Amino acid sequence: MLIRLTANGQPVSAKNGKRAFLTRDGRPFVARSDAIIAWYAKQVPAIRRQFEALDMPTITKFVHIETHQYLRDEVLASSSPDGDNVVSACFDALVKAGVIADDKLCISSAMTRRQERRRPRVEIEIRVLGSLPELP
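Parameters and conventions
- Residues numbered from 1 in each chain as written.
- Predicted model: local features only at pLDDT ≥ 70, side-chain atom pairs only at ≥ 80, totals over all residues.
- Heavy atoms only, no water.
- Axes fitted to C-alpha atoms, helices over the stretch in contact; angles between N-to-C directions.
- Helix = DSSP H or I, 4+ residues; strand = E, 2+ residues; numbered from the N terminus.
- Parallel < 35°, antiparallel > 145°, perpendicular 65-115°, else oblique.
- Left-handed = near helix turned anticlockwise from the far one by under 90°.
- Contact = heavy atoms within 4.5 Å.
- Nonpolar A, V, L, I, M, F, W, Y, C, P; charged D, E, K, R; others polar.
- Expected span 1.5 Å × (residues − 1).
- Buried < 20%, exposed > 50% of the residue type's maximum accessible area, 1.4 Å probe, protein only.
- Bend = angle between axes of the 7 residues up to and from the residue.
- Pairing = 2+ DSSP bridges.
- Right-handed = clockwise from strand over helix to strand, strands pointing away.

1. Examining the packing of helix 1 (residues 34-53) against helix 2 (residues 83-96)
Stage number 1. The interhelical angle for the contact between helix 1 and helix 2, taken along N-to-C directions, is 50°, at an axis separation of 9 Å. For the element pair helix 1 / helix 2, the angle class is oblique. The handedness of the crossing between helix 1 and helix 2 comes out as right-handed. Residue-level contacts link I36, W39, Y40, V44, I47 and R48 of helix 1 to A89, C90, D92, A93, L94 and K96 of helix 2.
Stage number 2. Partitioned by chemical class, the residues of the contact of helix 1 with helix 2 number 9 nonpolar, no polar and 3 charged.

2. Overview of helix 2
For an α-helix the count is 3.6 residues per turn, leaving residues at separations of three or four pointing the same way.
Stage number 1. With 14 residues, helix 2 ought to run about 20 Å at 1.5 Å a step, and its terminal C-alpha atoms sit 20 Å apart, in line with that.
Stage number 2. Most of helix 2 is tucked away, with 11 of its 14 residues classed as buried.
Stage number 3. Among the residues making up helix 2, those that are buried are G83, N85, V86, V87, S88, A89, C90, F91, D92, A93 and L94.
Stage number 4. If you follow the buried residues of helix 2, they end up packed against strand 1 (2-8), helix 1, strand 4 (63-71), strand 5 (106-115) and strand 6 (121-128).
Stage number 5. G98 occupies a position one or two residues after helix 2 and carries a positive phi of about 80°.

3. Considerations on helix 1
Stage number 1. Helix length check: helix 1, at 20 residues, gives a terminal C-alpha distance of 29 Å against a target of 28 Å (1.5 Å per residue), a fit within 8%.
Stage number 2. Along its length, helix 1 shows its largest kink, about 25°, at Q43, and proline P45 lies within four residues downstream of that point.
Stage number 3. Against strand 1, helix 2 and strand 6 lie the buried residues of helix 1.
Stage number 4. Downstream of helix 1 by one or two residues, D55 has phi in the positive range, about 55°.

4. Observations regarding the pairing of strand 4
If a strand is regular, its side chains alternate between the two faces of the sheet.
Stage number 1. Most of strand 4 is tucked away, with 8 of its 9 residues classed as buried.
Stage number 2. Relative to strand 5, strand 4 runs parallel, the two sharing 9 bridges. Pairing of H68 across the sheet is with T112, part of strand 5.
Stage number 3. Once you follow strand 4 into helix 2 and on to strand 5, the crossover reads as right-handed.
Stage number 4. The sheet contact formed by strand 4 and strand 6 spans 8 bridges and is antiparallel. Counterpart to V63 in the pairing with strand 6 is V128.

Structural data, given as structure tokens:
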């Protein structure tokens, strides 16, 4: 089974731009960047709606996930996010949207990256691997 979902808009890194703070008791705390917080706020509901339209329960089987990243700027531009960090953002969004139960279910992945100024986005393909055991 193959599921296709799209996160429209410029892909964002889940790792870069974190901010470090100290808690009231002096312990370090790392907060996500404003960019990834805004990306999740937009993309998680959109991904959830797309998945709900398929009328499927949350996936609890192992999966292979491919991300096809279409970037506003050239792939090697300093303004373009690292590809693996975009993949991480997508995995987190899939969990937050209730598409997959846990990102540990992804046992293989692949990504492509290219420039597309007019319509930046991430196309996410999830292949459910039914022959493997489910998580408890």
